[in-house]
Each structure stands twice: as C-alpha cells, then as structure tokens.
Amino acid sequence: MSGAQKTILVVDDDEDFREQMSLQLEAAGYNVVTADGEEAARRTLEDLNPDLAVIDLMMEHVDGGFTLAYRLKKRQPPVPVIMITAVASETGLDFASAAASESGWMRVDALLSKPVRPEQLRREIARLLPE
Amino acid sequence: METLRVLMVEDEAAMRAAVSRALSRYTLRLPDIEGEYGFAIEEAGSAEEGLARIEASPPDIVLLDHKLPGMSGVELLGILAEKQPPVSFLTVMMTAYATLENAVVATKRGAYDFLAKPFTPDELRSVVSKTTRHLLLTRETRRLAQEKRQVRFQLLSVIVHELKAPLAAIEGYLYLLQDPGTGSDPAVYKKAVDRSLVRIGGMRKLITDLLDLTRIESGQKRRELVPLELADVARAAIESVQPEAERRGIAVTLHAPEPVPMVADRAEMEILFNNLLTNAVKYNRDGGTVTVRLTGGERVRIEVADTGIGMTPEETARLFHEFVRIKNEKTRNIPGSGLGLSVVRKLAHLNGGEVTVESSPGVGSTFTVEIAAHSPEAQETEPE
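Residues numbered from 1 in each chain as written. Chains lettered and ligands numbered in written order. Predicted model: local features only at pLDDT ≥ 70, side-chain atom pairs only at ≥ 80, totals over all residues.

Further remarks concern the overall build of chain A. Regarding its fold elements, chain A presents 5 helices and 5 strands. Across the 131 residues that make up chain A, the buried fraction comes to 38%. Contacts in chain A between residues at least 24 apart in sequence constitute 63% of all its contacts with a sequence separation of at least 6. (Helix = DSSP H or I, 4+ residues; strand = E, 2+ residues; numbered from the N terminus. Buried ≥ 20, exposed ≤ 12 C-beta atoms within 10 Å, placed from the backbone. Contact = placed C-beta atoms within 7 Å.)

The subject of this paragraph is the sheet that holds strand β5 (residues 110–113) of chain A. Residues and elements named next belong to chain A. The strand order across the open sheet formed by 5 strands is β2-β1-β3-β4-β5, and the pairing between neighbours is parallel. Edge positions in the sheet fall to β2 (31–35) and β5, since each has one partner strand and no second. Across this sheet, the average inter-strand angle for adjacent strands is 20 degrees, counted without regard to direction. Here strand β3 (residues 52–56) pairs with strand β4 (residues 81–85) via 4 bridges, running parallel. (Pairing = 2+ DSSP bridges. Axes fitted to C-alpha atoms, helices over the stretch in contact; angles between N-to-C directions.)

Turning to the confidence of the model for chain B, a few remarks are in order. Residue and element names in this part refer to chain B. Chain-level statistics for chain B give a pLDDT mean of 87 and a share of 93% at 70 or above. A low-confidence stretch, residues 379–384 stays under pLDDT 50, and its non-local contacts, those more than four residues away or across chains, total 7 contacts. Confidence estimates for the predicted assembly give a pTM of 0.59 and an ipTM of 0.78. (pLDDT = per-residue confidence, 0-100.)

We now examine the interface of chain A and chain B. Contacts between the two partners involve 21 residues from chain A, matched on the other side by 22 residues from chain B. With 8 residues, the single largest contributor to the side of chain A that touches chain B is helix α1 (residues 15–27) of chain A.

For the rest of this paragraph, the subject is unusual backbone geometry. A cis geometry characterises the amide bond from A:K114 onward to A:P115, with omega recorded as -5 degrees. Tracing the backbone shows A:P115 in the loop between β5 and α5 (118–128).

Counting residues in hydrophobic clusters, the biggest one holds 39 residues, and the most contacted among them are A:V11, A:A53, A:V54, A:I55, A:V81 and A:M83. At 6 residues, the largest contribution of residues to this core is made by helix α5 (residues 121–178) of chain B. Not counting the four nearest positions on each side in its chain, A:I55 is found in contact with A:V11, A:G65, A:L68, A:A69, A:V81, A:M83 and A:I84. Within the second largest apolar cluster, 38 residues are counted, among which are B:V260, B:V304, B:V344 and B:V369. (Core = buried A, V, L, I, M, F, W, Y, C linked by C-beta atoms within 7 Å.)

All names here are of chain B. Read from one edge of the open sheet, 5 strands run β8-β10-β11-β13-β12, paired in mixed fashion. At either margin of the open sheet sits one strand with a lone partner, and together these are β8 (251–255) and β12 (354–360). Geometrically, the sheet is characterised by an average inter-axis angle of 10 degrees between neighbouring strands, direction not taken into account. In the packing of helix α8 (residues 230–247) onto the sheet, contacts are made with β8, β10 (289–295) and β11 (299–306), and the angle to β8 comes to roughly 175 degrees. In the packing of helix α11 (residues 340–350) onto the sheet, the strands contacted are β12 and β13 (364–372), and the crossing angle to β12 comes to about 140 degrees.

Below, the discussion takes up α11(B). Residue and element names in this part refer to chain B. For α11, a buried count of 10 out of 11 residues is recorded, marking the element as mostly surrounded by other parts of the structure. Within α11 the residues assigned to the buried category are G340, L341, S342, V343, V344, R345, K346, L347, A348 and L350. Buried residues in α11 make contact with α7 (186–218), α9 (266–282), β12 and β13. Residue G352 follows α11 closely and has a positive phi angle near 70 degrees.

On to the environment of A:E26. All names here are of chain A. With respect to the helices and strands, E26 occurs in helix α1. Using a count of 13 C-beta atoms within 10 Å as the deciding quantity, one classes E26 as partly exposed. When the C-alpha atoms of E26 and T7 are compared, they prove to be 9.8 Å apart, with 19 residues separating the residues in sequence.

All names here are of chain B. The topology assignment puts V343 in helix α11. In the structure, V343 is positioned 129 residues away from T214 in sequence and 9.4 Å away in space, judged by C-alpha atoms. Once residues within four sequence positions are removed from consideration, V343 is found in contact with D209, D212, L213, I271 and N275.

Axis angle and axis distance: for two packed helices, these are the angle between their axes and the distance between the axes, and together they describe the pair. All names here are of chain B. At their nearest, the axes of helix α2 (residues 47–56) and helix α3 (residues 73–82) sit 10 Å apart, and the two run at 25 degrees to each other. Comparing their axes, α3 and α2 come out roughly parallel. The chirality of how α2 crosses α3 is right-handed. Contact residues: A47, G50 and L51 in α2; G73, E75, L76 and I79 in α3. Grouping the amino acids of the contact of α2 with α3 by side-chain chemistry returns 4 nonpolar, 2 polar and 1 charged. (Parallel < 35°, antiparallel > 145°, perpendicular 65-115°, else oblique. Left-handed = near helix turned anticlockwise from the far one by under 90°. Nonpolar A, V, L, I, M, F, W, Y, C, P; charged D, E, K, R; others polar.)

Residue and element names in this part refer to chain B. Strand direction decides the pairing type here: β11 and β13, joined by 7 bridges, are antiparallel. Residue pairing in the sheet places V304 in a bridge with F367 of β13. Of the strand pairs in this sheet, β12 and β13 are connected by 7 bridges, and their pairing is antiparallel. Bridging from a neighbouring strand, S359 pairs with S365 of β13. Hairpin connection from β12 to β13: 3 residues lie between these consecutive antiparallel strands, with G362 at a positive phi of about 80 degrees.

Below, the structure written as structure tokens:
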C-alpha cells in the first residue's frame, strides 16, 4: 500500500457477508465502510467518497443493487463497482455467465457470484484500483 | 357471455339446419361454473371437410354423424384419437343406428357422448349442456394443475435461495480461514466458527419447518389422535425455550388453572407450541415476558402473549403466508425461516380451528389459536 488508505463501501443485507468483506479487505489494508441496504448506502454516500464499492445485487428491493450502482457510476469521478450476486442458475437468472456481454449495460465493472473467494476479490480490486 | 364453437359434421342439410336452429339461440348457465355460455354453429357436409376445419381451427365441441358419404364418422374419430398433441374438444356421435355396439366402438375411439337419431331439440340441448359442463371442468382442472406447477416452482426457487444464502455465508467464512492473510488471526477464527454455527442452526430450522409443512400438507403422515393434557405439552415446550429465554432475561409463565384435556396428535401440538414460543422469545425485548394461557372446553384456546417488537396492521395481514418474514430494522438480525407461522396456521386448520394475532408496534403481540378439543379425523385440505 502506498499513499493514502483507500476506502471501500460494502453494501449487503447479509450481516455475515459484510463481516467477511470487512475482515478480508481490512487485512488487505483497505478502509471499509458497510451499509446494510440501499437506503443506508445512500445516507452513507452523502458524506463519503469511496474509491470502490462492492454491492449485492438483490437486497430487500429486487433492483436495489442496480439503482445504487447507477448512482455510483453517475458520480464524478465514477466509482468502480463490483456487483456480487447470489442469484442461482436454478432460478433461471444466471447473471454471472452473461457477465462479459451484459456488464456494460448493467453499469458495473465486475460481477462475482457468492461465495466470493478472497483471491478472486483481491484480483478484481487490484485491477480496478491500480496503485 | 362466452361463445363456444360447435362444429357439426353431417351430410343432411335439413339435419344441419335443425341442429343450428336448436342451438343458435340457446344459452347455458351451469351450476358451479361461472358465466353464461352460447354456441356458434359451424357446418361441414363430410368427414373430410370436418377434418379440414378441425385442423384449420379446432372447435370446442364436435357433433359427428355416424354415417357419412366418404370417410365415416367412426373413421374420423379414429384419426382424431391419434392426434398429437391430443385434441382439446369433445365429440358427440349422432346416429340413427343406436346400437350398443356402435356406442362401444365410438366411445372406445374417444367420443364423449352419444345422441340417437331422431332426437328432439331438448334432447340435443341436454347432451350439449352435459358435454359443455365436462369440457369446462376439464379445462379448469388443467388450468389449476398448471397454476399449481408454477406455485411449486416459485416455492422451490425461494427454498433454494433461502438455503443457498447460509451456505454461501459458511463457505465465505471457510475461505477466510483458508486464506493466509486472514486465517491466522484468532479473532477471525472465532468469528468464523461462531457465525457458521449460527447459520447452520438456521438452515437446520428451515429444513425442519419444511418437513413439518410438507408432512402436514401431503396428509402422508398418519395422525395419531390420542387423549392428552395440553398443559403438559405446553410445559415441555416452555422447557425447551427456557435456556434462550433465561439468557435474555425473559420470563415465560403458564396459566392453566383447569386441566385442558384434548384428543389430538401429540406431535402436532408440540410443533404448534414450539413455533409460537420460539417466536415469542425471539421477537421479545431483553427482560420481557411471555405469557401462555390455556382455556379448556369443547373449543380449546391457546394464547401466547409477548412484550416484543410487535407489528403494524399491514404487517400482521401478511404474516401467515409462506416465506413472509416481516423485514424491518428490528427484525434484520433475527434469524428465521419464514415458515413457522404458516405451519401454525396449517395445524390450526387441521384441528378444526384458526389462528389470529393482535399486535401493536413496540408493545407486543398476542397469538391466539382456537381449536377443537377433539381433533377432527378427516384431513381437511387447504382450499388454496
């Protein structure tokens, strides 16, 4: 880590996921701020400028993750967004496999499916937050 | 009014005209079936023409003459019986040679009914009415089966999601333990193990609830109706929530001034109390109370009152549905399967009764189950 500590916003309604993200990202030297839903994230963003956001796609409101990602991409400068999804292929909604072709439309920089492996997350963050 | 299309395959023009007349202004109302039905008559002079019309646009009912110039009516029936996918209309055979033999052959080839020539307009209408009724009921049954498949798929999707979420959480903690960056930290280790155990407990509860629910719904489980004292069941259930209640300083008391004898299935009563009591403790405030009141008689009344977070009227209205968990700031960190209360409701119905709730936010909730002291034998199926 060089220079100022970077801040990552983690938004998910699952307490354990927020905990896991905090544990591993803090161990990797980032400053982590968490929010448990779209509303809480909006309030947090009023006086926080994160360097990157990790957002769960489906929280209480089905499209909560999308609208939040949209807001973050409209900020100046746009905030890199990693979208996490637990949407299973069993339900016929498999976003992860369509990642390459559709991530542009979804306005996110990376799509990962739950559970997220630590090295996978570090790789994406390193790509999106170059030193 | 809904119009059903009747195709008449008949070589005699006079006969076609007579049937048309008898049905064209005939309207039909059927018991148990909504709406009024009228008939639009289409005519074909031969089996070949009839087949062409059926293939172009299938009618609802076919009135088919037995004896036709080219292909016979029974031969046409044979062709229709082979069709894939199966035809969705019903066929009534009309014949002047009303022999048992003819009837058997026609029925074997899929004719729904039989009309012996000559027939009066009333006889014709009576057969058409019966056929229409059968047709509409068959279609309704098919529609319900389709709907049921869809509901089942939706339910399955929710179950899959509810089981995958804790699995993902546990897997996530295991990755943290495996990763050199975090795995060597004792604080991470403790957190990972503790939380994984909590999530496994939640999964176990979900699976138990699902089993209870499907068992009740399927009627597979044989109910053993035995004489029992409800207060004993209540005491045992209170015993099992006691450790958690004590940890949070919640006092659980039982008021059963008189014996409450019942003839019921013991396991059902245990599930009922366990669900109500677990909720009353789970959604209570620390230091609160849970009061269980039993009243005997022909109708047995079970009241479980808590001093917990309570609910708004909008929230209570949705409460007894499957997988409805009232999500708000207060319930966010309380684990639950979203099935417990729908199990309670199903059990109440099964025992000839109902469950109701009175609640006010921040004050508490009182669940009241009123059931028959002598549980009805017959398995009532849910009208859902």
